[in-house]
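Notes for the structure review
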Amino acid sequence: MDYDDFSMNPVGTGPFMFDEWTPGSEVNLVKNPDWWGDGPTLDGITYRVIPEAGTQVVELETGGVHLITRASLEDLERFEENPDFVVEAPAAYRSRRLHFNVGMEPFDDIRIRQAINWAVDMPTIVEAIASPLTVPGDSLIPAPGWGHPGEGVLPTYGYDPDKAHELIEEAGYELVDGFYEKDGERLSFDLLSPDYRYFMDRDICEAFARQLEDVGIDVNLKVKEWGAFMDTVQASEHQMCFLGWNQSGADPSLFTDALAMTGGRGNWSYRSDPRIDELCREAQQTTDIDERAELYKRIQVKIHENAWFVFVGDEARTFIYPEYIEGYYPTAAVANDYTQVIIGE
Amino acid sequence: MFQYTVQKMIGCIPILICVSILVFLLVHLTPGDPARLLAGPEAYEEDVESIREQLGLNEPLHTQYAEFITGAIRMDFGQSFRTNRPVMQDIRDRLPNTFQLAIVAVTWSVIFGVAVGVYAGIRPNSLGDSVSMGVSIIGVSAPSFWVGLLLMLLFAYQLGWLPASGIGDSPFTWDGFSRMIMPALTLGAATAAVMARMTRSSMLEVLHQDYIRTARSKGLNERVVIYRHALRNGLIPVVTLLGLQLGVLLGGAVITEQVFAWPGIGTLVINAIHARDYPTVQACILLIALIYVIVNLLVDLTYSVIDPRVRYD
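Rules and cut-offs
- Residues numbered from 1 in each chain as written.
- Chains lettered and ligands numbered in written order.
- Predicted model: local features only at pLDDT ≥ 70, side-chain atom pairs only at ≥ 80, totals over all residues.
- Heavy atoms only, no water.
- Pairing = 2+ DSSP bridges.
- Helix = DSSP H or I, 4+ residues; strand = E, 2+ residues; numbered from the N terminus.
- Core = buried A, V, L, I, M, F, W, Y, C linked by side-chain atoms within 4.5 Å.
- Buried < 20%, exposed > 50% of the residue type's maximum accessible area, 1.4 Å probe, protein only.
- Contact = heavy atoms within 4.5 Å.
- Phe/Tyr/Trp six-rings, centres within 6.5 Å; stacked < 30°, edge-to-face > 60°.
- Lys NZ or Arg CZ within 6 Å of the ring centre and 35° of its normal.
- Axes fitted to C-alpha atoms, helices over the stretch in contact; angles between N-to-C directions.
- Disulfide = S-S within 2.5 Å.
- 1 Å grid on protein atoms, 1.4 Å probe; cavity = no way out; pocket = protein on both sides within 12 Å on 5 of 7 lines; lining within 4 Å.
- Points joined across faces, edges and corners; volume = space filled by probe spheres on them.
- Domains from an automatic or database assignment.
- Buried area = accessible area lost by both parts, 1.4 Å probe.
- Salt bridge = Lys/Arg side-chain N within 4 Å of Asp/Glu carboxyl O.

Attention shifts here to the sheet that holds strand β9 (residues 185-186) of chain A. All names here are of chain A. Here three strands make up an open sheet; going across it, the order is β7-β8-β9 and the pairing antiparallel. Looking at which strands have only one partner, the edges of the open sheet turn out to be β7 (174-176) and β9. Two strands pair when backbone bridges link them, and β7 and strand β8 (residues 179-182) are joined in this way by three bridges, in the antiparallel orientation. Considered in β8, the bridge of Glu-174 is made with Glu-181.

Written as structure tokens, this is what we have:
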């Protein structure tokens, strides 16, 4: 069997086996009779490709499919009010944040980064625009993960525009016609957003930009298609950008090592702090879970002090299914457990 | 006619070469690194570099083009970056779906459009003419995603008569046919409306010609005058339009396919563009160009069948 045959005939040990793939249409899985665990109760699963969220919704409501994983906010609210359907949105290991490119002006000055954090009421923006699918967050480690010390433990910036004004003025800027200027140059930057790669990303960016304009910072929002967006970010040509990080596991190193260590593969703020690198390495080599949790708490406090990000929140996974489906328990991890699912009447 | 056809086909070669250069440059110059998109934002840089090497993206542009064009001559467009299958296999899987949808859409839109156009054309400024032309304006103006969703809400959601989306195993079974009805109606709606308007104006023009007056003065039945004398001559611009529309529909009706989750060429191209799947985009665009060329050649040849005065000797 060559590589191509192998990729088209996957082999595994799970409760379902690959049966057939119709490109662009569906993937069929059948029950694995030799599975070691309990179940599965279903004879098989068909994953259908339905690109439009609106079509997914109609298919669910007409019984064409049993489960959908995407819906607009309006549809979600409608399903929540409908007793015939169950809406679940378990928090997932998906953190969302705005990255300052620390190597670029004006974000090479920590006071400006801190000022922006004080100037924006991000929890309210998230609650207003992306709730309940995104919950406000205060760290790059998502709240469901054990590396997050819990609500209210980590220091946060809060919303205090006066403090923001103080810090900007301390950095040498003065307010002229409603906008801050230094040496005749306006305090302004480009904010790069993907085009709905993440839930309500560009809407959150728009609200963020509007709040910064209220304190005198000029923001140019630039929305790019994902390929072009990643090109700009990889080339470090952005000043600030909206990004997410999804992981299937709960270990905090999956977030800190990639996003905060020097040269990390998701270090799109392009910054370096030897103390954070040292703490991350120490956490990697520590086996005691309590000690590790303490180390990750210190890492998160250091990240807060450096003000490399404006934390947006943690995005949930969405599952909507008819109430007659039993035994389905969505989790924070990417893998779904369908072994005990029963389709009732 | 044979000589004309051969000449036309030879004339297509430079067009296709130009298209191949254009599409190659466009996809390669569009921002977005296929290796990065394939690996995902969470991937390690070494993995991205290894994918880039594996896909041959580190080769100079002219080498990549030479490989593409020599392969294209043999109808071998290489492996898809996204599905890791031969591009021609992906196209072979999708093309029949696009064909069946386009053929059904064109068939109903031609029958309906021409019938309405003739009806309106022979009764200018009547109530029927105004209503049919008013409806056709809506047909032309309504965006296909809106028409598609409205049909879906009516026939799938409210009435429950038709499945909302997807494709059946065969168009000759009720499941397959019922899944095709709404996409075909959506896809053909604009074409039917344009056909109706074009046929009406063409009929109006022809009906004022001297030979129609002569036919009537000979005492010919009005039905014969309209269908044998007027409609046949009025069809020339309609056939031209049909050729253009057929090209568009066979090229993949992207929006309709997206709305109805119809796995055709349109969705293949869109997904390939998003993933910067260069071989698939290049192959599909070249194929669409080829379809246009062939359809328009067929349209040219049809003129001589409709109107014997047109000769290609």
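Don't stop here, the text continues.
The next point concerns unusual backbone geometry. Residue and element names in this part refer to chain A. The residue after Glu-105, namely Pro-106, is reached through a cis peptide bond having omega 0°. Position of Pro-106 among the secondary structure elements: in the loop between β5 (91-100) and α4 (110-119). Following Ser-131, the chain continues to Pro-132 via a peptide bond in cis, the omega torsion being 5°. Looking at the secondary structure, you find Pro-132 in the loop between α5 (122-129) and β6 (134-136). The phi angle at Asp-183 is positive, at roughly 50°, despite the residue not being glycine.

On to the nonpolar core. Residue and element names in this part refer to chain A. Leu-98, Ile-116, Met-122, Phe-189 and Phe-208 are the most contacted members of the largest nonpolar core, which has 83 residues in total. Among the elements that make up this core, the one with the highest residue count is helix α7 (residues 201-215) (six residues). Beyond its immediate chain neighbours, meaning those up to four positions away, Phe-189 contacts Pro-106, Phe-107, Ile-116, Phe-208, Leu-212, Ile-217, Asp-218, Val-219, Asn-220, Gln-239 and Met-240.

So, about the packing of aromatic side chains. According to the stated counting rule, one finds 23 aromatic pairs over all chains in the structure shown. Ring geometry for B:Tyr65 versus B:Phe68: centroids 6.0 Å apart, planes at 65°, classification edge-to-face. With B:Tyr65 and B:Phe68 both in helix α4 (residues 61-73) and three residues apart, this pair spans about one turn of that helix. Like B:Phe68, B:Tyr65 is buried. One aromatic cluster is present, formed by A:Tyr47, A:Phe319, A:Tyr321, A:Tyr328 and A:Tyr338 through successive ring pairs. One residue, A:Arg186, lies across the ring of A:Phe179, its end atom 4.1 Å from the ring centre. Its guanidinium or amino end placed over the ring of B:Tyr44, A:Arg265 lies 4.0 Å from that ring's centre, counting from NZ or CZ.

All names here are of chain A. If you walk across this open sheet you meet the three strands as β1-β2-β3, and the pairing is antiparallel. Where the open sheet ends on each side, the last strands, each with one partner, are β1 (16-22) and β3 (44-48). If you compare each strand with its neighbour and ignore which way they point, the axes differ by 20° on average. Sheet topology note: the strand β2 (residues 26-31)/β3 ladder contains five bridges and is antiparallel.

Next up on the list: the state of the cysteines. Residue and element names in this part refer to chain B. Overall, the coordinates contain zero disulfides over all chains when judged by the stated rule. In this model Cys-12 remains outside any disulfide bridge; the closest cysteine sulfur is found in Cys-18, 12 Å from its own. Given a relative accessible area of 11%, Cys-12 falls into the buried group. For the unlinked cysteine Cys-284, the closest cysteine sulfur is that of Cys-12, found at 20 Å. Classification of Cys-284 as buried rests on a relative accessible area of 0%.

All names here are of chain A. All chains considered together, the criterion is met by one cavity of 30 Å³ or more. In this structure, the largest cavity occupies an estimated 30 Å³ of space. The element best represented in the lining of the largest cavity is helix α11 (residues 289-306), accounting for three residues.

So, on to the domain arrangement of chain B. Residue and element names in this part refer to chain B. Domains assigned within chain B are domain 1 (2-73) and domain 2 (88-306). Placing a centre on the C-alpha atoms of domain 1 and another on those of domain 2 gives a separation of 32 Å. Taken together, the 20 residues of domain 1 in the interface contact 14 residues of domain 2. Buried surface at the junction of domain 1 and domain 2, both sides included, amounts to about 1600 Å², of which 77% is carbon and sulfur. Summed over the shared surface of domain 1 and domain 2, the result is one salt bridge. The partner of Asp-300 in a salt bridge is Lys-8, and the shortest N-O contact between them spans 3.2 Å. At the level of secondary structure, the elements contributing two or more residues to the side of domain 1 that touches domain 2 comprise α1 (2-29), α2 (34-39) and α4. With 12 residues, α1 is the single largest residue contributor to the side of domain 1 that touches domain 2.

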